[in-house]
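# Coordinates in review
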Amino acid sequence: MFYADPPPVQLIVQFLEQASKPSVNEQNQVQPPPDNKRNRILKLLALKVAAHLKWDLDVLEKSLSVPVLNMLLNELLCISKVPPGTKHVDVDLSSLPPTTAMAILLYNRWAIRTIVQSSFPVKQVKPGPPQLNVMSQVQQEKELTDNILKVLKEQAADSILVLEGALKLNKDLYVHTIRTLDLLAMEPGMVNGETESSTAGLKISAEEIQCQVCYDLGAIYFQQGSTNAAVHENAKEKFFKTKELIAKNGSSSLHFTIDEERLAGYCQACGVLTSSSDDASQQATPYSQIHSCMKSGNYQDLVKIFLEDNLTLSLPVQFRQSVLRELFQKAQQGNDALDEVCFKVCVCNTVCDVLQGRTIDIQFCQLFLKPSKEKIDFLLEVCSRSINLENASEALKRKMAAFLKNLCLGLEDLQLVFMISSHELFIKLLKDDERKLLVDQMRKRSPRINLCTKPVTSFYDIPASASVNIGQLEHQLILSVDPWRIRQILIELHGMTSERQFWTISNKWEVPNVYGNVILGIKDNLTRDLVYILMAKGLHCCAIKDFVHAKQLFAACLELVTEFSPKLRQVMLNEMLLLDIYTHEAGAGVSGERPPSDLISRVRGYLEMRVPDIPLRQVIAEECVAFLLNWRENEYLTMQVPLPLVQTNPYVKLGQLLAATCKELPGPKESRRTAKDLWEVVVQICSVSNQHKRGNDGRVSLIKHRESTLGIMYRSELLSFIKKLREPLVLTTILSLFVKLHNVREDIVNDIAAEHISIWPSSIPNLQSVDFEAVAVTVKELVSYALTINANNHFWLIIQADIYFATNQYSAALHYYLQAGAVCSDFFNKMVPPDVYTDQVIKRMIKCCSLLNCHTQVAILCQFLREVDYKTAFKALQEQNSHDAMDSYYEYIWDVTILEYLTYLHHKRGETDKRQIAIKAIGQTELNASNPEEVLQLAAQRRKKKFLQAMAKLYF
């Protein structure tokens, strides 16, 4: 018996699935997958399969889910030696080995392609009977995908910058092949092929890279254009550049394929949306002409274009329908003049549908309920101009004849029937015996209600099948946020069919698993659908900050469940509490207005609630504790919160420790007990077990679960909680703790400075258990978040600068050091406080300038130290290869000794012009040593101000 080989993409899924399987230890505890030889080989095999597919994102995206492809590309980054935790936007692609640069490029291309793809609507698959375990698996994968998408969207701006930077590379790159991956497996030290600068691997030409990157950038710019119309210009530029590159190099030469039909569509759309006057070719297309007519209100020409297109058939039916829908919407908004235009465009569309064998749209029947001589005249004109009888096929003629015949049969007014039957087109299309038969049929038909006397009523008065009615009601159900209307629609739907589960019709309706199991257990189908949909819509409105509709939906749901389920009643009360917290924080809370006392009491009540069997969402507890911390309810958290609550709820425990530590700041050493307790809790959260340490070969496993189960929560949960905090002292405290934890590391070269850092213990008993890599990443995330809360906190800016300094990003470090000084000195118009520009900060600024080869800046900064560092200043001035403004900076030097040394140095080198500049600087009267101290200080301060302002303009 023979089995077919699995497809390559299935192998990738299987390899990564096996490599990321968690293990179970002797205590029956689930452990993260170990970073062992077996798992590394499985990951390598997955990469080899992708290399076999030539890293074609079209193939990989079509067959792999977002989580799997994310895992695969992260493994590629890892094996290509991209430093973990490094922002790709901060990396200079031109300085990297070709395969490393290509790995970063692939990842960021995939990131923006995934963002674009996620914006397209997805048709919901009709589910079978509800199976809770299957629902749970699907829900888990969806949540994982949503989390990845959230991160990708947050980093979208960085990914765009990376790809824009790649367009400037203008050099060939190489992507890993099976051979180069084998070489890496044999010799880990030989990165990217045989050597560091190797060109081993599959060559991707600069033209191909530019073509693909332009296309992907165009797609993301086009997507962003929905919220920022100006971005369409960028999209247009990228798409037309792609088109130009394909025309130049040919699509067959491309290593990665581009959907040229889709590209043409994008170019067409950009041409319409940007409407540049110099683009005559774009203006000549029917799309552009229609867009222009709609914009200017030239509806006569619009009808003419539709009429002409009935012969050429260049416009897709979907586009025709969308234009008609837009006209209907404008007419419904009170523009009565558009009623005639709607009818004419609808007639053009209907005749086009007839000739192409499609069913007649119901809108035509609605508009033709009151036929008139003018309407029949226009209809016959459209029919005549839509078919060329000399060249038309017999099938086309029969379709038109059948349409006209049925039209006659549907009319009661014989005068209107005569208009059609006596028309030249009708006579040519129908033979004599057919016309005679039609007359007989009309004579024999039974008397009916004259449709001409029936008023034009609502859309639902037109007869329609049950499936059409159900579809229309489902559409209304999806759009409505009125609880009463939702209830009415569901009653109608359940009256039509008992087979459908209407809570499944939209993939946007999501209810947390802890609630879903309870709601789906409701026996009455109508009640179950109503509760599920009201809650899902309320949660969605809450997520998009539509708090008014969210409150209405939750209130209706609360009223409904109160009648039969105490458990769901409490659930709704909890959700309404969370909604009230969000409403206050997004409204009055933004301006600093304290929340009402009853809201604070309800928050306390939730935390102290002890009702059994109530499903609880973790986020509510998080938000409640964060709410109390943000509004400085430290007294309650430290003194009044019940002890059992502290022991059972990790967020309350963390909140109590944070509140107590903040309350005691600044205090004597004996009051640091709570700080020590908080330190121990955080250290435990950031600890890992020994068997999950980095491997001996130095490889970092990307699919790794280094979260500790020994702490009161996972590190990711702690980070998520901290990002809900806004109170400056609380943020400063937790940031100070993580900075101290980062500095405790044995191999740390450059400490990071922070406020209140002395309150934390200076050592850890079991140093090897702390995951310092995770701590470093957390510090970066925390300071970035803190600066979104207050971008002018100089201590947080110094921390950010120290992080960049520790990671050798000296230009960025200088930017933040200067920004820290600027925000606390009115852009250097006042003196920078000495606790901001300490000697350590100045020395780091000196080192940054030195490593950037800005040696004159180094010499000037040496004056800022409490004791002028002449040795460093003189050594810097001796450097002749300086990348700064050199002698134009001499006016900022106030130390006469340094100026005298400069005079001597330039004389020695024979640099007469520069020597004269130095002499002129010394000769200024305010620098005379016999001046009073106040005058000298004022002179120094003036030069400091001008120098720092000049530096700020350079690095900001």
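Structure: see above.
Read on for an overview of the structure. Every value quoted in this text rests on a predicted model; they were computed, and no experiment measured them.

## Here's the deal with the overall build of the chain
- Secondary structure assignment for the chain yields 45 helices and four strands.
- A burial count over the chain gives 47% of its 956 residues as buried.
- At a minimum sequence separation of 6, the contacts of the chain that also span at least 24 residues come to 69%.

## Some words on the packing of helix α24 (residues 483–496) against helix α26 (residues 525–543)
- For the pair α24 and α26, interaxial distance at closest approach is 10 Å and the crossing angle is 145 degrees. In the crossing of α24 with α26, the sense of the turn from one axis to the other is right-handed. For the pair α24 and α26, the contacting residues are Pro483, Ile486, Arg487, Leu490, Ile491 and His494 in the first and Asn525, Leu526, Asp529, Leu530, Ile533, Leu534 and Lys537 in the second.

## Description of the nonpolar core
- The biggest cluster of nonpolar side chains holds 165 residues, and the ones touching the most others in it are Phe738 and Tyr837.
- If one sorts the elements of this core by residue count, α26 sits on top with 10 residues.
- Look past the residues within four positions of Tyr837 in its chain and what remains in contact with it is Tyr817, Leu818, Gly821, Phe828, Val832, Ile842, Met845 and Leu948.
- Formed by 71 residues, the second largest nonpolar core is a distinct cluster that contains Leu106, Ile115, Ile148 and Val231.

## Thoughts on the pattern of salt bridges
- Within this structure, the stated rule accounts for 35 salt bridges.
- The closest approach of N and O atoms between Lys373 and Asp377, which form a salt bridge, is 3.3 Å. Placement of both Lys373 and Asp377 in helix α18 (residues 373–385) is noted, with a separation of four residues, approximately one turn of the helix.
- Look at Lys373 and you get partly exposed, because its relative accessible area is 48%.
- Residue classification places Asp377 among the partly exposed residues on the basis of a relative accessible area of 38%.

## Focus: the packing of aromatic side chains
- With the rule as written, the count across this model stands at 17 aromatic pairs.
- On the numbers, 6.5 Å between centres and 25 degrees between planes, the contact of Trp679 with Trp760 is stacked. Of the two residues, Trp679 sits in helix α34 (residues 673–685) while Trp760 sits in the loop between α36 (728–743) and α37 (772–789), which places them 81 residues apart along the sequence. Across the pair, exposure class does not vary: Trp679 and Trp760 are buried alike.
- Between Tyr901 and Tyr904, the aromatic rings sit 6.2 Å apart at their centres with planes inclined by 50 degrees, giving tilted as the arrangement. Of this pair, Tyr901 and Tyr904 both sit in helix α43 (residues 896–909), three residues apart, roughly one helical turn.
- These aromatic residues form a ring-pair network of at least three members: Phe864, Tyr889, Tyr892, Trp894 and Phe947.
- Over the face of the ring belonging to Phe240 we find Lys236, whose NZ or CZ atom lies 5.9 Å from the ring centre.

## Considering the side chain of Ser882
- Inspection of the secondary structure assignment puts Ser882 in the loop between α42 (870–878) and α43.
- Within the local environment of Ser882, its side chain forms a polar contact with the backbone nitrogen of His855, the two atoms lying 3.2 Å apart.

## Structural notes on unusual backbone geometry
- In the Ramachandran plot, Lys545 falls in the positive-phi region, its phi being about 65 degrees despite a non-glycine side chain.
- Summarising the element assignment, Lys545 is placed in the loop between α26 and α27 (547–562).
- Residues other than glycine seldom take positive phi values, yet Asn808 does so here, at roughly 65 degrees.
- Note that Asn808 resides in the loop between α38 (794–806) and α39 (810–823).

Conventions used here
- Residues numbered from 1 in each chain as written.
- Predicted model: local features only at pLDDT ≥ 70, side-chain atom pairs only at ≥ 80, totals over all residues.
- Heavy atoms only, no water.
- Helix = DSSP H or I, 4+ residues; strand = E, 2+ residues; numbered from the N terminus.
- Buried < 20%, exposed > 50% of the residue type's maximum accessible area, 1.4 Å probe, protein only.
- Contact = heavy atoms within 4.5 Å.
- Axes fitted to C-alpha atoms, helices over the stretch in contact; angles between N-to-C directions.
- Left-handed = near helix turned anticlockwise from the far one by under 90°.
- Core = buried A, V, L, I, M, F, W, Y, C linked by side-chain atoms within 4.5 Å.
- Salt bridge = Lys/Arg side-chain N within 4 Å of Asp/Glu carboxyl O.
- Phe/Tyr/Trp six-rings, centres within 6.5 Å; stacked < 30°, edge-to-face > 60°.
- Lys NZ or Arg CZ within 6 Å of the ring centre and 35° of its normal.
- Polar contact = N/O pair within 3.5 Å; in protein donor to acceptor, adjacent residues only side chain to side chain.

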